[in-house]
Amino acid sequence: MKKHSTPDRFQKPAGLDSGALLLFLFIISTLMFSRTVHSAELGLEDIRRAAVLASSEMRKLEMQKQNQALAKMAYYFKYLPSLSASASASYSPFKTAQGSALDGLNAAAQFSISGEISIFDRGKSKNERDNFSLDDSELDATTQTRLFAILEQADSYYFNCLEAEAAIKTAELQAEISAVALETAEIRRTGGILSPSDYFLALSNKSAADSSLAAALTSRSLAQRRLEQLIGSSETVELLPLDFGNYEELLNTIAGWTMEEISERFLKLKEELASRSPALKSAYITLKRAENTYKLTKRAFWPSLDLSASFNLGYSFIPADPLSYGASVTLRGTIPLDYWTLINNEQRQKNSLEISRITYEDTLAAFDIDLQSLLFTLAGNAQTLIANRRQAEYSALLLEQQQELFRLSSASMTTFLDAASRSLSSETQKNRAEFSFLRSLSALKTLGAFGDEELLNLLEE
């Protein structure tokens, strides 16, 4: 069978320094943030902190971390001597007929101390200690994964609310335009200068605008409720608007990427992100644990050697010889002879190791695809946003022109409403493109476990 090797960049579990620091900063910040979210206006960072505080999974992970520390402490208890004490008493009343009353009393107490040290245990103790270290790293990676998943979800829900709010403003503008068109249509119809088809068009447009506004209000309510549930708030939450100007420089930089530059940036970011990805860390830890188990299984053929010592001290209620004591030292060696069982177990562990290796390599390949996909998506979203902005600007100018012509009766109802529809549609697309760009940034941050500033600096290089 072909022997596979782990890539050099993963010869040991990647450090969690940056992730642990970020988690520490989040814990400090959340301690300063009340568990009850008040109705004051909240920004994105406030929503993130509240989401982390309200997460039951984060609390369960914290309890799991405590249990893991207790399990590690219990492991080292085996190196301490074992202490025991006992006492017993019995009385036989039939013995008192021929002797004194104390002849029927039989009482004793005993104290013992014993300990056992494994001189050679085929590497089992080292394997257990290595697994404890891997367990700590795996729990850290799991915590980091869940933390960034919560942050990404908080970002998404926050963006959903703001996008829904922008949709309401667009729907309100549509309702306002349709109301003006219908009012004008009523006046012209009364004066006999409007065709029935234009009047029915105005009525239809007004109904459509009212329906769009109702749908936008419903969407905003649902998005708001999901956000409040995420952060554990029973009160209505007011959100601060997002200043997209903070992303303008980054947007222009990313929008200028060519296909070749994206490929070059992928190669540049790959090593940096791979050493930080919680998913890759977890896959690597699983592989290392399988390797350790296989090594231990191969050593099962070796003999083991244990040394034990004990000391006993007893006192019996017998005047002739009340005190007793004893000590012993035992050296025990064990040689396994059931080779058929050991060979079977070794083969099974070898297969498990190969499965873990294949899974790890699949995770590496999936990571490469995810990273490339996110970079292409990010660049595409940036270019789409810039194009939609231009389209929205031109459509707004066209609407302004057609509205003036319609007011002067130089443009038909159809032309005016078509221009309004084009302008509103362009504005909606622009808003969606803005939040799609922000969501792709959030997804990239989650993939590499980055902080906001760290990611922005990395992408602007």
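Just so it is clear, the structure is predicted and the values come from calculations on it, not from any experiment.

Draft legend 1. Summary view of the overall build of the protein chain. If you tally the helices and strands in the protein chain, you get 11 helices and 6 strands. Sorting the 461 residues of the protein chain into buried and exposed places 38% on the buried side. Counted over contacts in the protein chain with a minimum sequence separation of 6, partners at least 24 positions apart contribute 81%.

Draft legend 2. Region of the structure containing the packing of helix H5 (residues 196-230) against helix H10 (residues 413-448). Close contact between H5 and H10 brings their axes to 10 Å; oriented N to C, the two are set at 25 degrees. With respect to their mutual orientation, H5 and H10 come out roughly parallel. The segment H5 lies against H10, with Asp-198, Leu-201, Ala-202 and Asn-205 engaging Met-413, Thr-414 and Leu-417. Classifying every residue of the contact of H5 with H10 gives 4 nonpolar, 2 polar and 1 charged.

Draft legend 3. Local environment of a nonpolar patch on the surface. A surface patch of nonpolar side chains, about 690 Å² in accessible area, is lined by Leu-83, Phe-111, Ile-113, Phe-311, Leu-313, Leu-323 and Tyr-325. For the nonpolar patch, the elements supplying multiple residues, two or more each, are strand E3 (105-120), strand E5 (304-316) and strand E6 (323-334). Within the secondary structure, Leu-323 sits in strand E6.

Draft legend 4. The arrangement of the environment of Asp-135 in detail. Mapped onto the fold, Asp-135 is located in helix H4 (residues 124-190). Separated by 154 residues in the primary sequence, Asp-135 and Arg-289 place their C-alpha atoms 9.1 Å from one another. Ignoring any residue separated from it by four or fewer positions in sequence, one finds Asp-135 in contact with Gln-68 and Arg-289.

Draft legend 5. Expanded view of the confidence of the model for the protein chain. Summary statistics for the protein chain give a mean pLDDT of 82 and a share of 85% for residues scoring 70 or more. Contacts from residues 1-22, a stretch scored under 50 in pLDDT, to residues over four places away or in other chains number 39 contacts.

Draft legend 6. Inspection of H10 at higher detail. Between its terminal C-alpha atoms H10 stretches 53 Å, which fits the 52 Å expected from 36 residues at 1.5 Å a residue. The first or second residue beyond H10 is Ala-449, which carries a positive phi of 55 degrees.

Draft legend 7. Representation of the side chain of Ser-356 within the structure. Along the chain, Ser-356 falls in helix H9 (residues 339-407). Take Ser-356: its relative accessible area is 14%, and that puts it in the buried class. Leave out the neighbours within four places in its chain, and Ser-356 touches Thr-286, Leu-287 and Ala-290.

Draft legend 8. View of unusual backbone geometry. A positive phi angle, close to 60 degrees, is found at Ser-409, a residue other than glycine. You can see Ser-409 is positioned in the loop between H9 and H10. Not every positive phi belongs to a glycine, and Ala-449 is a case in point at roughly 55 degrees. On the secondary structure map, Ala-449 appears in the loop between H10 and helix H11 (452-460).

Draft legend 9. How the structure looks around the packing of aromatic side chains. Counted according to the given criterion, the structure contains 7 aromatic pairs. These aromatic residues form a ring-pair network of at least three members: Tyr-158, Phe-159 and Phe-435. Above the face of the Phe-406 ring, Arg-188 is positioned so that its terminal group lies 4.5 Å from the ring centre. Positioned above the aromatic ring of Tyr-199, the side-chain terminus of Arg-189 is 4.4 Å from the ring centre.

Draft legend 10. Broad picture of the pattern of salt bridges. One pass over the structure, following the stated rule, counts 23 salt bridges. A salt bridge links Lys-72 to Asp-136; its shortest N-O distance comes to 2.5 Å. Linking Lys-72 in helix H3 (residues 56-76) with Asp-136 in helix H4, this pair joins segments that are 64 residues apart in sequence. Its salt-bridge partner being Glu-165, residue Arg-220 comes within 2.7 Å of it at the nearest N-O pair. Residue Arg-220 is located in helix H5, and its partner Glu-165 is located in helix H4; the two are separated by 55 residues in the primary sequence.

Draft legend 11. Representation of the nonpolar core. Of all hydrophobic cores here, the largest spans 67 residues; its most connected members are Ile-254, Phe-437, Leu-444 and Leu-459. Not counting residues within four places of it along the chain, the set of residues in contact with Phe-437 comprises Phe-244, Tyr-247, Leu-251, Ile-254, Leu-378, Asn-381 and Ala-382. Counting residues in each nonpolar core, the second largest holds 15 residues, with Leu-194, Phe-406, Ala-411 and Ala-420 among its members.

Draft legend 12. Quick look at the packing of helix H2 (residues 44-54) against H4. Running from N to C, H2 and H4 cross one another at 130 degrees; their axes reach a closest spacing of 9 Å. Considering their axes alone, H2 and H4 lie oblique with respect to each other. For the pair H2 and H4, the sense of crossing is right-handed. In this structure, H2 contributes Leu-44, Ile-47, Arg-48, Ala-51 and Val-52 to the contact, and H4 contributes Leu-147, Ile-150, Leu-151, Ala-154, Asp-155 and Tyr-158.

Draft legend 13. View of the environment of Leu-441. Looking at the element boundaries, Leu-441 is found in helix H10. C-alpha separation for the pair Leu-441 and Leu-374, spaced 67 residues apart in sequence, amounts to 8.5 Å. Leaving out residues up to four positions away in the same chain, Leu-441 has contacts with Tyr-247, Leu-250, Leu-378, Leu-455 and Leu-459.

Rules and cut-offs
Residues numbered from 1 in each chain as written. Predicted model: local features only at pLDDT ≥ 70, side-chain atom pairs only at ≥ 80, totals over all residues. Heavy atoms only, no water. Helix = DSSP H or I, 4+ residues; strand = E, 2+ residues; numbered from the N terminus. Buried < 20%, exposed > 50% of the residue type's maximum accessible area, 1.4 Å probe, protein only. Contact = heavy atoms within 4.5 Å. Axes fitted to C-alpha atoms, helices over the stretch in contact; angles between N-to-C directions. Parallel < 35°, antiparallel > 145°, perpendicular 65-115°, else oblique. Nonpolar A, V, L, I, M, F, W, Y, C, P; charged D, E, K, R; others polar. Patch = residues over 30% accessible without salt bridge, like charges linked within 9 Å, V, L, I, M, F, W, Y side chains within 5 Å. Areas by Shrake-Rupley, 256 points an atom, 1.4 Å probe, with all protein chains shown as cover. Salt bridge = Lys/Arg side-chain N within 4 Å of Asp/Glu carboxyl O. pLDDT = per-residue confidence, 0-100. Expected span 1.5 Å × (residues − 1). Phe/Tyr/Trp six-rings, centres within 6.5 Å; stacked < 30°, edge-to-face > 60°. Lys NZ or Arg CZ within 6 Å of the ring centre and 35° of its normal. Core = buried A, V, L, I, M, F, W, Y, C linked by side-chain atoms within 4.5 Å. Left-handed = near helix turned anticlockwise from the far one by under 90°.

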